[in-house]
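# Per-entry structural report
Below, each chain spelled out in residue letters.
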Amino acid sequence: MKVSEKTKISLLLRFNFTESKSCKPLSPKEFNNLLSFIETKDQCITSVASNSNFLKAIEKENNIREERISLLLGAGYSLSLKLDHWNKHGIWVLSQFDKEYPINFKLKFNYENLPILFGVGSIKDLNRSMIGIVGPRQPSDNAKNFARKAAERCVEESLSVVSGGAKGIDLTSQTAALAHGGLVVNIVASDLEKECMKESNRTAVLKERLVLISTELPDASWSIGRAMGRNKYIHSLADAVIVPECSKESGGTWAGVQENLSKCYSEIFLRPSSNHEINEKLLNSGASEIDKKNIEKVKEIKRNIDYSKLKVQDISFLMNKSERAVRQHLTKNNISCLDYNVVKKGNIESPKKKIEISPVQRDLFKD
């Protein structure tokens, strides 16, 4: 896959490909501030690499030294060697500037601090309807059986399963979905190069049944911080998350669920554990219990995408129409989006239009 120029520049700024270990890449906050500044100047990120006067303006307004940006951008040859190496492993790279980038990330992070994605597998499957299945590494047998059943039912409903690939619930649901002929998106914490070379993963990738994604460089080693950090991407990529078991106030499952509930990445459906105190805390915080009383919520899961929260390029990708056709559609229907403002007729706010994608047709968990 050809890497876009905007993505190359993003890579150079967000990671250190220079020979100087002391040269710090831009932090997520610095990069986000830079993009905001570029937008206010009606410029493109490529202007950073082609306009020296613009670098001076960036230093003055954003306190990011011109020399630092120039040094990072000067590592283009080293990046090209890395891109060749990744390409031989079948690894692609996506940034927020690429149309295939997951819409759910843009919606749930409001276009802020969006990670660069490294992945293996079918890019076109990143925007399918998905349900995350997360849980502890040492679950009960009942929780494992439930996770297996849930994954199989998701496959029957043409829903992809989002997993972290860790031992326990994650691996159980991933294995069940693949065995049932479904699609799994596995967000790995590290070592993407090693993960994509594992025979089981490689076979599933070649069959277009598995997509591996990482927000870290493909050769990044494992760490607790990286393992915990990827939880938010599982919860935000999914349209809803199933938790077959969460029985303690610690660990990745608890932390991921808490962050989701706090930031409303997606609706959480909990299978109550034997720890009634934990169950009560999660349900009182906004999680929903999976049972026959509220199973209708699961049946109605869909992606209602609000045009007003997206940019023209993203709407164009979703509608499979040219950007010009999208602007005409927005104008005709009196709808504004983030980078295309339509004057409301009579100063009356138009109702927000939504795209409905892949509704769940029946009870996912009925025995």
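Residues numbered from 1 in each chain as written. Predicted model: local features only at pLDDT ≥ 70, side-chain atom pairs only at ≥ 80, totals over all residues. Heavy atoms only, no water.

## Overview of the confidence of the model for the protein
- Of the residues in the protein, 90% have a pLDDT of 70 or more, and the chain-wide mean is 89.
- The weakest mean pLDDT in the protein belongs to strand β11 (residues 354-357) at 43; the strongest belongs to strand β2 (residues 117-120) at 98.
- Here residues 347-362 scores under 50 on pLDDT; set against residues more than four positions off or in separate chains, the count is 43 contacts. (pLDDT = per-residue confidence, 0-100. Helix = DSSP H or I, 4+ residues; strand = E, 2+ residues; numbered from the N terminus. Contact = heavy atoms within 4.5 Å.)

## Quick notes on helix α17 (residues 312-319)
- Within α17 the residues assigned to the buried category are Val-312, Asp-314, Ile-315, Ser-316 and Met-319.
- At the C-terminal side of α17, Asn-320 shows a positive phi close to 55°. (Buried < 20%, exposed > 50% of the residue type's maximum accessible area, 1.4 Å probe, protein only.)

## Topic: the packing of aromatic side chains
- With the rule as written, the count across this model stands at 10 aromatic pairs.
- Ring geometry for Phe-109 versus Tyr-265: centroids 5.5 Å apart, planes at 70°, classification edge-to-face. Of this pair, Phe-109 sits in the loop between α7 (103-108) and β2 while Tyr-265 sits in the loop between α14 (251-263) and β8 (267-270), and the two are 156 residues apart along the sequence. Each member of the pair, Phe-109 as well as Tyr-265, is classed as buried.
- Joined through ring pairs, the aromatic side chains of Tyr-101, Phe-105, Phe-109, Tyr-233 and Tyr-265 make up one cluster. (Phe/Tyr/Trp six-rings, centres within 6.5 Å; stacked < 30°, edge-to-face > 60°.)

## Here's the deal with the packing of helix α8 (residues 141-156) against helix α9 (residues 169-179)
- Packing of α8 against α9 leaves a shortest axis separation of 8 Å and a crossing angle of 40°. Handedness of the crossing formed by α8 with α9: right-handed. When α8 is examined against α9, the residues Ala-143, Lys-144, Ala-147, Arg-148, Ala-151, Glu-152 and Val-155 are found in contact with a partner set consisting of Ile-169, Thr-172, Ser-173, Ala-176 and Ala-177.
- Class assignment of the residues belonging to the contact of α8 with α9 gives a composition of seven nonpolar, two polar and three charged. (Axes fitted to C-alpha atoms, helices over the stretch in contact; angles between N-to-C directions. Left-handed = near helix turned anticlockwise from the far one by under 90°. Nonpolar A, V, L, I, M, F, W, Y, C, P; charged D, E, K, R; others polar.)

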